[in-house]
Amino acid sequence: MKILVIQQKMIGDVLISSIICNNLRTAYPDAQIDYLVYASTTPVLEGNPNIDNIILFEERHRKSKKELLNLGFQIRNEKYDILIDAYSKLESWILVFLSNAKRKISYKKPGRNFLYTNNVPFEPFPKTNLGLAIERRLSLLEPLDLKINIDPIPKLFISEKENHDALALFEKHQVRKDRKTIMISLLGSEKLKTYPLGFMSKVVDYIADNADVNILFNYFPKQLEDAKAVLNACKPSTQQKIYFDLLGSDLRSFIAIMNQCDVIIGNDGGAINMAKALEKPSFIIFSPWIEKKIWATFEDGIHHLSVHLKDYRSDLFANKSEKMLKKESLSLYQEFKPEYFENQIKSFLEKNIN
C-alpha cells in the first residue's frame, strides 16, 4: 500500500500533521508513507521512522504552473492508494486532482468536495483539550477506521550526536547545572505574532524574580537587534540569569538545545510546537488575532497553559472578524499588559520548575 500525506505550510503545521504519518505507520506497518511539505520545514521530520519519503514542494512549484503540473504527474506516477490532504488549498487541490489516488481524504469545504472520496467535517470547536489543530488532523484518519490506539502527540527524533553537541554548547557557555533552564520563545514568525518587546522583558523579569533558573532566548541572528532590546530592558538581576549568546546554528540544533531545557514560555509558533513534541511544559502568549482554540494544544492548566487578550478584555473583540483583528493586532497587543497574567506565570513556574 502507498499513502501520501500533504501539508504545505509552516513548521508547526508540518510537525502537527506528522501525527497522521505516525498513526498510519502503526496501522499499516508495511505501507509506503510519503509526506509532501515545504522544503523549509523538513528539519522537524528528520529521523522520523514513520515517513519513507519526503516530497518537497518548492518555490518553483508555486511560481510556475508548468512545474506544479510536473509535480502532479510525478505524484500520479507513484500510483498512491490513499491520499490525505491536510492542507486543502488551491495548490494541493491541483495535485489531488492529478494524483489519481484510489482514496482521497480531506476536509469538507464548499465547491471542492468532488475532488475527494471522503470529505470530513471541518470542526469549529474542540471536543477535548488536544486543541483543534490536532483534533482536525486526527479527524482525517476517521474514514480509514483504523483499529489502533491513536497517539495524538507529535514526535521529534534527536540523534545521540545532536544531544551531545547541545550538551557541549551548555558546557561551553558554563550554564549552571544546579538550576533548571527556561527557553523564551522571544519572537513570533512575524511582527503580528510577536508580543511587544518591552512587555516581553517584563515577562522575563517575572520569571527571574520567581525562579532561580537559567534563561535562554530563542532568536535567529537576523533578529539580534530585537533580542538585544529585550535583554537591555530587563533588570540587571535578570540579565545575570540570561545566556544570551547560547544559540543554535540551525533548526536541528535548536531542537537539541530545547531538549536540554525544562520548559518554554513565550510567543506562539514553531518553537512552542517543537517544545511540546519534546514533552516540555509550555506557557503561550497568543497574538490577539490568532484563535486560541486552534493552537492551544494539550491545555491542562498545569503543564500547558496559554493566555490571550480576549481572556482579560473580551470587550475589545466584540463583533470583530479575524480580518479586522489582524489589522488591529499591533494596537491590541499594546492593551495586553503583562500584569494581567503575572500570577499565572508564577503558578506555572511553581508547578513546573520550583
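Residues numbered from 1 in each chain as written. Predicted model: local features only at pLDDT ≥ 70, side-chain atom pairs only at ≥ 80, totals over all residues. Heavy atoms only, no water.

Asker: What is the right way to read the side chain of Asp85 from this model?
Answerer: As for its placement among the helices and strands, Asp85 is situated in strand β4 (residues 82-85). No salt bridge forms around the buried Asp85; measuring N to O, its nearest opposite-charge neighbour Arg112 is 5.2 Å away. Within the structure, Asp85 has its side chain in polar contact with the side chain of Tyr116 (distance 2.6 Å). When sequence neighbours within four positions are dropped, the list of residues in contact with Asp85 reads Ile6, Ser92, Trp93, Val96, Ile105, Ser106, Tyr116 and Leu140. (Helix = DSSP H or I, 4+ residues; strand = E, 2+ residues; numbered from the N terminus. Buried < 20%, exposed > 50% of the residue type's maximum accessible area, 1.4 Å probe, protein only. Lys, Arg positive; Asp, Glu negative; His and termini not counted. Salt bridge = Lys/Arg side-chain N within 4 Å of Asp/Glu carboxyl O. Polar contact = N/O pair within 3.5 Å; in protein donor to acceptor, adjacent residues only side chain to side chain. Contact = heavy atoms within 4.5 Å.)

Asker: I would appreciate a short explanation of the sheet that holds strand β3 (residues 53-57) in the present structure.
Answerer: Neighbouring strands of a sheet are bound in pairs by backbone hydrogen bonds; such pairs are parallel or else antiparallel. An order of β3-β2-β1-β4-β5-β6 is seen for the six strands of this open sheet, with the pairing classed as parallel. Among the strands making up the open sheet, the edge pair consists of β3 and β6 (118-120). Across the sheet, the axes of successive neighbouring strands diverge by a mean angle of 20°, strand direction being ignored. Here four bridges tie strand β1 (residues 2-6) to β4, and the two strands are oriented parallel to one another. Within β4, the residue paired with Leu4 across the bridge is Leu83. Running at roughly 170° to β4, helix α4 (residues 90-99) makes contact with β1, β2 (32-38), β3, β4 and β5 (103-107) of the sheet. (Pairing = 2+ DSSP bridges. Axes fitted to C-alpha atoms, helices over the stretch in contact; angles between N-to-C directions.)

Asker: Would you explain the environment of Asn149 in this entry?
Answerer: Here Asn149 lies in the loop between α5 (132-139) and α6 (160-172). A residue is classified by how much of its surface remains accessible, and Asn149, at 75% relative accessible area, is exposed. Sequence spacing of Asn149 and Thr26 is 123 residues, and the spatial spacing of their C-alpha atoms is 8.9 Å.

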